Amino acid sequence: MDSFMKYIARITRCSNAYRDQVFSGSGLTGTQCPYLLRICRQPGISQDQLAANLYVSKSNVTRQLERMEKAGLVTRSPCPADRRVMQVFPTEEALTLQPQILAVFADWNKILTTGLDDGQQEALLALLEQLYHNAEAAVSQNTGRKEDKT
C-alpha cells in the first residue's frame, strides 16, 4: 500500500501551483496565501507567532514576509512593548485580496471533492481532522507547545 503522505504532499504542491496560477501577476504566491490570511485575521501578529501558527520555520517566515513586503502586501514594525518583536500588518491591497483568497480556497475544495457525495465528503473531513489532531499532538509533544486550530 502506498503511503498516504505521498498523496498529501502531492495535493499540497498542486494546491500551491493552482494558487500560483490564479494569483499570477498579483505579487502573491500560492505558498503565501495562508500567511496572508493569518495576517489579515490577526493584524499585528508577531513573526514568531506566525511561524508557530503555520508550522514553518522562522527563517521561512522572514523570507516570505520580505517578498510580501516588497510586493506591497504587508508592513512590519517593531512592537511598541518589546522592540525585539516584529509585528506584521496587512496593507489595504492585502485586505482586498483576502476575499479572493478565500474564494480560491473554496474553489479548490470543490475541485478536490468532485465525484464525492456528501457522505464521502463528511467522512473524508472527519478522517483529515483526525490526522491533523494526531499530527498536532505529535508536534506539541515534541516541542511542548499547543497551537490554535485555524
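Small disclaimer: the values here were computed from a predicted structure and weren't measured.

## Re the overall build of the chain
Of the regular secondary structure elements, the chain holds six helices and three strands. Along the chain, helices and strands appear, N-terminal first, in the series α-α-β-α-α-β-β-α-α. C-alpha atoms of the chain, sized along the principal axes, occupy 50 × 40 × 25 Å. For the chain, buried positions account for 29% of its 150 residues. Expressed as a percentage of contacts within the chain between residues at least 6 apart in sequence, the contacts between residues at least 24 apart total 52%. Summed over its atoms, the accessible surface of the chain is roughly 9,500 Å², and 56% of this surface lies on carbon and sulfur atoms. Once the 17 positive and 16 negative side-chain charges of the chain are each reduced to a mean point, those two points are 7 Å apart.

## Structural notes on the sheet that holds strand S2 (residues 74-78)
Pairing in this open sheet of three strands is antiparallel, and the strands run S1-S3-S2 from one edge to the other. Single-partner strands in this sheet number two, and they are strand S1 (45-46) and S2. Here S1 pairs with strand S3 (residues 86-90) via two bridges, running antiparallel. Bridge pairing in S3 places Ser46 opposite Gln87.

## Comments concerning the confidence of the model for the chain
Per-residue pLDDT for the chain has a mean of 91; in total, 93% of the residues score no lower than 70. In the model of the chain, helix H6 (residues 118-143) stands out as the element of lowest mean pLDDT, 90, in contrast to helix H2 (residues 33-41), which has the highest, 97.

About the criteria used
Residues numbered from 1 in each chain as written. Predicted model: local features only at pLDDT ≥ 70, side-chain atom pairs only at ≥ 80, totals over all residues. Heavy atoms only, no water. Helix = DSSP H or I, 4+ residues; strand = E, 2+ residues; numbered from the N terminus. Buried < 20%, exposed > 50% of the residue type's maximum accessible area, 1.4 Å probe, protein only. Contact = heavy atoms within 4.5 Å. Areas by Shrake-Rupley, 256 points an atom, 1.4 Å probe, with all protein chains shown as cover. Lys, Arg positive; Asp, Glu negative; His and termini not counted. Charge placed at Lys NZ, Arg CZ, Asp CG, Glu CD. Pairing = 2+ DSSP bridges. pLDDT = per-residue confidence, 0-100.

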